[in-house]
Amino acid sequence: IFFLFYESSRGCPFGCTYCEWGGGTSSKVSFKPTEYIYEDYEFIFNEIKPHYMTFTDANLGIFPRDVEIIKKICDYKVKTGYPKRLTYSGPAKVKTQNIYEIETLIASHGMSKDYKMSVQDLDPIVAVNVNRIDESLDDRLNEYIKIRNKYGGLLRFELIMGLPGSTINSFYKTLDYTLPNDIHGTYY
């Protein structure tokens, strides 16, 4: 069984103070040219046939081209049967409509039923303290619930324990929010 880690962009335009990707510096993002990515895919899916593929991009889905890249993988899934599973480390925190489309594509092609929302902390004070930019949590959650209801699977929040301003009470409020919505936590 072959595992493939793939990076189509590098850097992060955000300056979240806790993160090594943007490093609090709001670095520029550089992109591998799309035609090179498609050349890679031609070889990867016809010759290597990875069972598992993970994108290591910091903000997959931040640009519309990311949706097209995932569509191309879905085409190969139909044609070759690979990859069997597709995941990504860092979903975009803004322009999340792209993420919903990506999640729907991945789920509808049977490559995953595990949906991750990068939240870090639900407390707005913490978000300000770490310079975090997010779209409305309730809106994001509703979209993920629609995907989960259609394709099944788990919805996870990616949370970071101990960020500046977080308290035991804010952690309990997070649990109060996640449990009724059947959200599983990934804690760091």
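In this text, all values refer to a predicted model and were calculated from it rather than measured experimentally. (Residues numbered from 1 in each chain as written. Predicted model: local features only at pLDDT ≥ 70, side-chain atom pairs only at ≥ 80, totals over all residues. Heavy atoms only, no water.)

> Before we go on, may I ask you to explain the packing of helix α1 (residues 34-48) against helix α2 (residues 64-80) in this structure?
For the pair α1 and α2, interaxial distance at closest approach is 11 Å and the crossing angle is 20°. Comparing the axis directions of α1 and α2 gives the class roughly parallel. In the crossing of α1 with α2, the sense of the turn from one axis to the other is right-handed. Of α2, the residues touching α1 (which contributes T34, I37, Y38, Y41, E42, F45 and N46) are R65, E68, I69, K72, I73, Y76, K79 and T80. Each residue belonging to the contact of α1 with α2 can be placed in one class, and the counts come to 7 nonpolar, 3 polar and 5 charged. (Axes fitted to C-alpha atoms, helices over the stretch in contact; angles between N-to-C directions. Helix = DSSP H or I, 4+ residues; strand = E, 2+ residues; numbered from the N terminus. Parallel < 35°, antiparallel > 145°, perpendicular 65-115°, else oblique. Left-handed = near helix turned anticlockwise from the far one by under 90°. Contact = heavy atoms within 4.5 Å. Nonpolar A, V, L, I, M, F, W, Y, C, P; charged D, E, K, R; others polar.)

> Explain empty space enclosed by the protein to me, please; I cannot follow it from the model alone.
Summary: where empty space remains is shown by rolling a probe the size of a single water molecule over the atoms. If you walk through the whole model with that rule in mind, you get 2 cavities of 30 Å³ or more. Roughly 60 Å³ of volume is contained in the largest cavity. Every residue lining the largest cavity is listed: S8, S9, G11, P13, V29, F31, D57, N59, L60, I62, F63 and D66. Looking at the lining of the largest cavity, its residues break down into 6 nonpolar, 4 polar and 2 charged. Each pocket or cavity is described by its volume, and for the second largest cavity that value is around 40 Å³. Lining the second largest cavity are P91, A92, T96, I99, Y100, K116, M117, S118, R140 and Y144. Of all elements in the fold, only α3 (96-108), β6 (114-120) and α5 (137-151) reach the threshold of two or more residues within the lining of the second largest cavity. Looking at the lining of the second largest cavity residue by residue, the classes come out as 6 nonpolar, 2 polar and 2 charged. (1 Å grid on protein atoms, 1.4 Å probe; cavity = no way out; pocket = protein on both sides within 12 Å on 5 of 7 lines; lining within 4 Å. Points joined across faces, edges and corners; volume = space filled by probe spheres on them.)

> Help me understand the environment of V78 in this model?
With respect to the helices, strands and loops of the structure, V78 is situated in helix α2. Using a relative accessible area of 63% as the deciding quantity, one classes V78 as exposed. Counting along the chain gives 31 residues from V78 to H109, while the straight-line C-alpha distance between them is 7.9 Å. (Buried < 20%, exposed > 50% of the residue type's maximum accessible area, 1.4 Å probe, protein only.)

> I'm lost on the layout of surface pockets in this one. Help?
Considering only enclosed or pocket space, the second largest pocket measures out at about 240 Å³ in volume. In terms of lining residues, the second largest pocket is bounded by 19 residues, among which V119, D121, L122, D134 and L137 are the most central. Those elements that place two or more of their residues in the lining of the second largest pocket are β6, α4 (124-129) and α5. Of the residues assigned to the lining of the second largest pocket, the class counts are 10 nonpolar, 2 polar and 7 charged.

> Sorry, what's going on with unusual backbone geometry here?
Most peptide bonds take the trans form, and the phi angle of most residues other than glycine is negative. The omega torsion of the bond from Y82 to P83 falls at 0°, within 30 degrees of zero and hence cis. Note on placement: P83 falls in the loop between α2 and β5 (85-88). Its identity as a non-glycine residue notwithstanding, K49 has a phi of 55°, on the positive side. Unlike most non-glycine residues, D182 shows phi in positive territory, near 55°. Owing to a relative accessible area of 46%, D182 belongs among the partly exposed residues under this scheme.

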